[in-house]
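Residue-level listing of the chains:
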Amino acid sequence: MDRNQLIKWIKAPGKMGQKYSLHVVYFCTGCGIIEIPPSITARWDAERFGVMPVATPRQANLFLITGYVSVKTLKSIIRTYEQMPEPKFTVGFGSCPINGGMYWDSYNTIKHLDKYIPVDGWIAGCMPRPEAVFVAVTHLWTLIDKDMADGYKKYRKNYKYYRANQEKLYGKMEWPPLFPIEDKKGSSP
Amino acid sequence: MKLLKKKIELAFDNVRVDVPESNRMVINAGKDTVLSILDLLKSEGYAHLALISCVDWQKDKEFELVYILSAYMQDNNIYDDKQKENIILRTRISRGNPEFITVISIFENAEPYEREIHEFFGIDFKGHPRLTPLFLEREYKIPPFRKDFDTRKYVKEVFDEIPFVENEDGKK
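About the thresholds
- Residues numbered from 1 in each chain as written.
- Chains lettered and ligands numbered in written order.
- Predicted model: local features only at pLDDT ≥ 70, side-chain atom pairs only at ≥ 80, totals over all residues.
- Helix = DSSP H or I, 4+ residues; strand = E, 2+ residues; numbered from the N terminus.
- Rg over C-alpha atoms; globule rule 2.2 N^0.38 Å.
- Buried ≥ 20, exposed ≤ 12 C-beta atoms within 10 Å, placed from the backbone.
- Contact = placed C-beta atoms within 7 Å.
- Core = buried A, V, L, I, M, F, W, Y, C linked by C-beta atoms within 7 Å.
- Nonpolar A, V, L, I, M, F, W, Y, C, P; charged D, E, K, R; others polar.

(A) Highlighting the overall build of chain A. Each helix and strand in chain A was counted, giving eight helices and five strands. Listed N to C, the secondary structure of chain A is α-α-β-α-β-β-α-β-α-β-α-α-α in terms of helices and strands. Computed over C-alpha atoms, the radius of gyration of chain A comes to 17 Å, within 12% of the 16 Å expected from 2.2 N^0.38 for 189 residues, which places it in the range of a compact globule. Its C-alpha atoms give chain A principal-axis dimensions of about 55 × 40 × 25 Å. By residue count, 34% of the 189 residues in chain A fall in the buried class. At a minimum sequence separation of 6, the contacts of chain A that also span at least 24 residues come to 77%.

And the structure:
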C-alpha cells in the first residue's frame, strides 16, 4: 500500500474502496468494444488499476459506453444504468457518444449521450487506445477524491428531466420510473 | 455459364443477360419473370440466396431489387468453377406503387432480407408472413433509405430538439 495515501484511507475509507474496485459492466455498443479485450487481458492488464469486467449490471459500478449509440441501444443502456447499484460512474468512450462523431446526421444514432443519462467523463478519439482507458480511470480516481464524480446524484436529482428526454425519444416507456416523479405543480424533485 | 445464358435467353423474353466477367452473370429481367427465373436458377444448382438488396432510382421513379445467388459445394471439399460464380438478378418496380411478390416459396432465407427492405424502403412484399419492424425503434414518415429522406432535417427536428439537462444553478 502506498504510504502517502494512508491519511486518505483513514479519512474516507469508503471513497478509497470505490476508487480501487471499479467493476465494468460488460456492455458492448458499437465498435469501441474491440479495445476492451486487450485492455482487460495480459497486454494492458486492467486489473493493475482495480478495473475488472463483471457479467451483470447488478454487480458493476462503472459503465463504459464504447462507441456510437443507436436509438435501440440507448434503451438497453438506460435499463442497464438504472439497474446498477449506487455509486455508479459512466465514461463515454470515443467521439460518437460525445457529439455524434461521424454519425452526427444519422437518422438512427443519438447525438449527445448526456441528454439521456449523466456521464462523468469522456475519452475523445476515434478509436482511443487502451492507454486512454487507464488515463480515464486515473482521472476518475481524482474526481472521486474531490466528490466530482456525482453523475448518479445528478440523475436522482434531475430524474424528471432525464425521464422527459427519454420519453421524447421513445414515446411511452415500457418500464415505470426509477425514482418517483412529482407533479408539475409540486416542488422540484 | 454460356450454356446457362442461352437457356435463360431462350426460355424467357424481355430478359437481358450479360456476362461482364468470367465468373459473374447479370440478368436484367422484367418483374413478372423473376420468380420463374429464380426457380430455374435454383434447379440449375445456384441454390444459395446470398442477399437481396434494393436501389432507389429517384429520377427514373423506380426501385431496383437485386438478388445475388451462388452455388453450394456439391462434393465434399472439391471446388469446381461453379462455386466461384455469382449470379445477379435485377428487376425494377415502380416507385409510386412499391409492391412485389415474396420469394420465400423458393428461398426461405429471403424472409429477413425482405423485412429489412420493407423497413428501409417501404416496399410491400405480398405473401410475406410477417412484415414487422426488424431494426428500427422509431417510426419514420418516409422510410429512411429512400433518396427523398432528408437525414439532416430529421436530425434537427428530433435529436437537436431534445434539451440538455441542467442543474438548478445553470451548470450542465
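Okay, back to it.
(B) Spatial organisation of the nonpolar core. Grouped together as the largest cluster of nonpolar side chains are 41 residues, with contacts concentrated most on Leu62(A), Phe63(A), Val91(A) and Ile117(A). Residue assignment for this core shows that the elements contributing at least two residues are β1 (22–25), β3 (62–66), α4 (71–83), β4 (89–93), β5 (121–123), α6 (130–145) and α7 (151–157) of chain A. Among the elements that make up this core, the one with the highest residue count is α6(A) (five residues). Beyond its immediate sequence surroundings of up to four residues, Leu62(A) is in contact with Leu22(A), His23(A), Val24(A), Phe89(A) and Val91(A). Within the second largest apolar cluster, 25 residues are counted, among which are Met25(B), Leu41(B), Leu69(B) and Leu89(B).

(C) The interface of chain B and chain A, seen in detail. Counting residues at the interface gives 14 residues for chain B, matched by 18 residues for chain A. Tallied by class, residues from the side of chain B that touches chain A come to eight nonpolar, two polar and four charged.

(D) Structural detail: unusual backbone geometry. Cis geometry marks the peptide bond from Glu86(A) to Pro87(A); its omega dihedral reads 0°. Summarising the element assignment, Pro87(A) is placed in the loop between α4 and β4. In this chain, Cys126(A) is followed by Met127(A) through a cis amide linkage whose omega measures -10°. As for its position among the elements, Met127(A) is in the loop between β5 and α6. Unusually for a residue other than glycine, Asn14(B) sits at a positive phi of about 60°. Secondary-structure assignment places Asn14(B) in the loop between α1 (2–11) and β1 (15–21). With phi around 55°, Lys61(B) is a residue other than glycine that occupies positive phi space. Looking at the secondary structure, you find Lys61(B) in the loop between β3 (48–57) and β4 (62–70). Classification of Lys61(B) as exposed rests on a count of 10 C-beta atoms within 10 Å.

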